[in-house]
Every structure is written in C-alpha cells, then in structure tokens.
Amino acid sequence: MNLTLAMTGASGSIFARELLIALEADTRVTRIHFVASENSLRVLAEELEIGGRNQLVEKLLSHAPAKTIQLSDQDIGASIASGSYPSHGMIVLPCSMGTLASIANGLAETLIARAADVTLKERRPLILCVRETPFNGIHLRNMQLASVAGAVIFPVIPAFYNRPVDSTEMARQFVYRVLAHIGLPQKDAYIWKPGE
C-alpha cells in the first residue's frame, strides 16, 4: 500500500507517532507520505517535546525512516496533490476542526486539504480522526458534510476494555483499529472476546 498520513494541530500527537511507527513496520506498506501542518508542530513540541520541522519523521520514529517521505503542507504541487498519483488512501490523525472544515467545504489551500480533496474525488479511503470536545454545531455539520462526500469520521476515542497499561498502549490500540479499517489489520491488536 501507498498511503498518506497527515498530522494537524489538534491534541493527540502520540496517536500520530504510533501510527507512523506501525506503518513503517508493516511490510504491506511500501510508501508513506507524511505531512505535518504548521499548527501540529506546536502541539508536538508541547506534548512530545519534539521541536522543529527538520528530520521530524526521524524524531518521531527514533530512527531513520525506511519508506516515509516528509512533505511540506505548503507544497501543493507534491505528488499526492494529483489524482493521477497512485495512492491507496489517506489518514488524518489527529484531525483538527480547522482541517475538517477545509476538507468538508472543499477549501484545498494546503497540501493536506488538497490531498484529502483528491482522495475523495478519486473515491479512495479517507479517514478523519477528529479530535475535539465538546463538538459544536459547526463541527457536527462539517463531519456530516465530509461523511456524505465519502470520508470516514473516526473520532479519537480510545478503548479501555483492553486495560491499557499506559497512554502509549492506549494510543497504539486505537491506531490498530484505524489500520484495520483501512485494510491493514495488525497482529497485536486487541480483539474483544466476551467472557474472557
């Protein structure tokens, strides 16, 4: 699979990191295009103490990437901005309400919004892991608009029935659910079995 991962300026950097780690490790994935919005950099600095745009993927992975290409959100001429580029889908995690609004209303002014727009028009999977609480009416309307256009609204709501030992495990299991939804089930994913 050739996938796009976008990280935007909502709380939840740990989820993006765990998703990137899982994608890099998955042998079914051949290429990952990673785009971080400008606002996501501030959240990263505050939540994970990772600063700057330079070598961001390497900082998130704690090693050099094997198949991840980092793109600038301002590079609207990047390959993923074209429908002719072969892609198997896009995940936005976390997806801020501003990014959701841009995608839902077709405002393709950044690479993230343009790549999402292309994903929708080409009828490819687009998973928006929205991160906000509480939702106001505008948020809900934009989620509905994006859903009607073909996106999957996948709120960042971690599970607790697997009794996660820490926030990293909680984030990892959430990411595994996202990956299963896009066709990449993970062998270490917790599967609910009643009576256990």
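Whatever comes next refers back to the structure up there.
Just so it is clear, the structure is predicted and the values come from calculations on it, not from any experiment.

(A) Structural detail: the overall build of the chain. A count of helical and extended segments in the chain gives 7 helices and 6 strands. In terms of overall dimensions, the chain is globule-like: its C-alpha atoms have a radius of gyration of 16 Å, near the 16 Å expected for 196 residues. Considered along the principal axes of its C-alpha atoms, the chain spans approximately 50 × 40 × 30 Å. The buried share among the 196 residues of the chain stands at 48%. When contacts within the chain are restricted to residue pairs at least 6 apart in sequence, long-range pairs at least 24 apart make up 74% of them. Accessible area of the chain: about 9700 Å², with a carbon and sulfur share of 52%. In the chain, 18 positive and 18 negative side-chain charges are present, and the distance between their average locations comes to 5 Å.

(B) A look at empty space enclosed by the protein. The full count for this structure, using the stated rule, is 1 cavity of 30 Å³ or more. Of the voids in this model, the largest cavity is the one considered here, and its volume is about 50 Å³. Among the residues forming the lining of the largest cavity, the class breakdown is 4 nonpolar, 5 polar and 1 charged.

(C) Examining the pattern of salt bridges more closely. The final tally for this structure, using the stated rule, is 9 salt bridges. Note that Arg42 is salt-bridged to Glu46, the shortest N-O span being 3.0 Å. Residue Arg42 and its partner Glu46 are located together in helix H2 (residues 38-47), separated by 4 residues, close to a single helical turn. Residues joined by salt bridges that share partners form a network here, namely Arg17, Glu18, Glu169 and Arg172.

(D) Structural detail: a nonpolar patch on the surface. On the surface, Tyr161, Tyr190 and Trp192 cluster together into a nonpolar patch covering about 340 Å² of accessible area. Inspection of the secondary structure puts Tyr190 in the segment after helix H7 (167-181). For Tyr190, a relative accessible area of 33% translates into the label partly exposed.

(E) Fine view of the sheet that holds strand S2 (residues 31-36). Pairing is parallel in the open sheet, where 6 strands are placed in the order S3-S2-S1-S4-S5-S6. Across the chains shown, the open sheet's two edge strands, defined by having one partner strand only, are strand S3 (68-72) and strand S6 (152-153). Each of strand S4 (89-95), strand S5 (126-130) and S6 touches H7; the most contacted strand, S5, lies at about 155 degrees to it.

(F) Main features of the environment of Cys95. Residue position: Cys95 is located in strand S4. It is 20 Å that separates the C-alpha atoms of Cys95 and Leu61, two residues lying 34 residues apart in sequence. Discounting residues that sit within four places of it in the chain, Cys95 has contacts with Thr8, Ala10, Leu100, Leu128, Cys129, Val130 and Arg131.

(G) Geometry of the packing of aromatic side chains. What the rule picks out here adds up to 4 aromatic pairs. With 5.4 Å between their ring centres and 85 degrees between their planes, Phe15 and Phe174 make a pair best called edge-to-face. You can see Phe15 sitting in helix H1 (residues 13-25) and its partner Phe174 sitting in helix H7, a full 159 residues away along the chain. The burial state of Phe15 is the same as that of Phe174; both residues are buried. Aromatic ring contacts, followed pair by pair, group Phe15, Phe154 and Phe174 into a single cluster.

Calculation criteria
Residues numbered from 1 in each chain as written. Predicted model: local features only at pLDDT ≥ 70, side-chain atom pairs only at ≥ 80, totals over all residues. Heavy atoms only, no water. Helix = DSSP H or I, 4+ residues; strand = E, 2+ residues; numbered from the N terminus. Rg over C-alpha atoms; globule rule 2.2 N^0.38 Å. Buried < 20%, exposed > 50% of the residue type's maximum accessible area, 1.4 Å probe, protein only. Contact = heavy atoms within 4.5 Å. Areas by Shrake-Rupley, 256 points an atom, 1.4 Å probe, with all protein chains shown as cover. Lys, Arg positive; Asp, Glu negative; His and termini not counted. Charge placed at Lys NZ, Arg CZ, Asp CG, Glu CD. 1 Å grid on protein atoms, 1.4 Å probe; cavity = no way out; pocket = protein on both sides within 12 Å on 5 of 7 lines; lining within 4 Å. Points joined across faces, edges and corners; volume = space filled by probe spheres on them. Nonpolar A, V, L, I, M, F, W, Y, C, P; charged D, E, K, R; others polar. Salt bridge = Lys/Arg side-chain N within 4 Å of Asp/Glu carboxyl O. Patch = residues over 30% accessible without salt bridge, like charges linked within 9 Å, V, L, I, M, F, W, Y side chains within 5 Å. Pairing = 2+ DSSP bridges. Axes fitted to C-alpha atoms, helices over the stretch in contact; angles between N-to-C directions. Phe/Tyr/Trp six-rings, centres within 6.5 Å; stacked < 30°, edge-to-face > 60°.

Nothing here speaks to function; it is all geometry.
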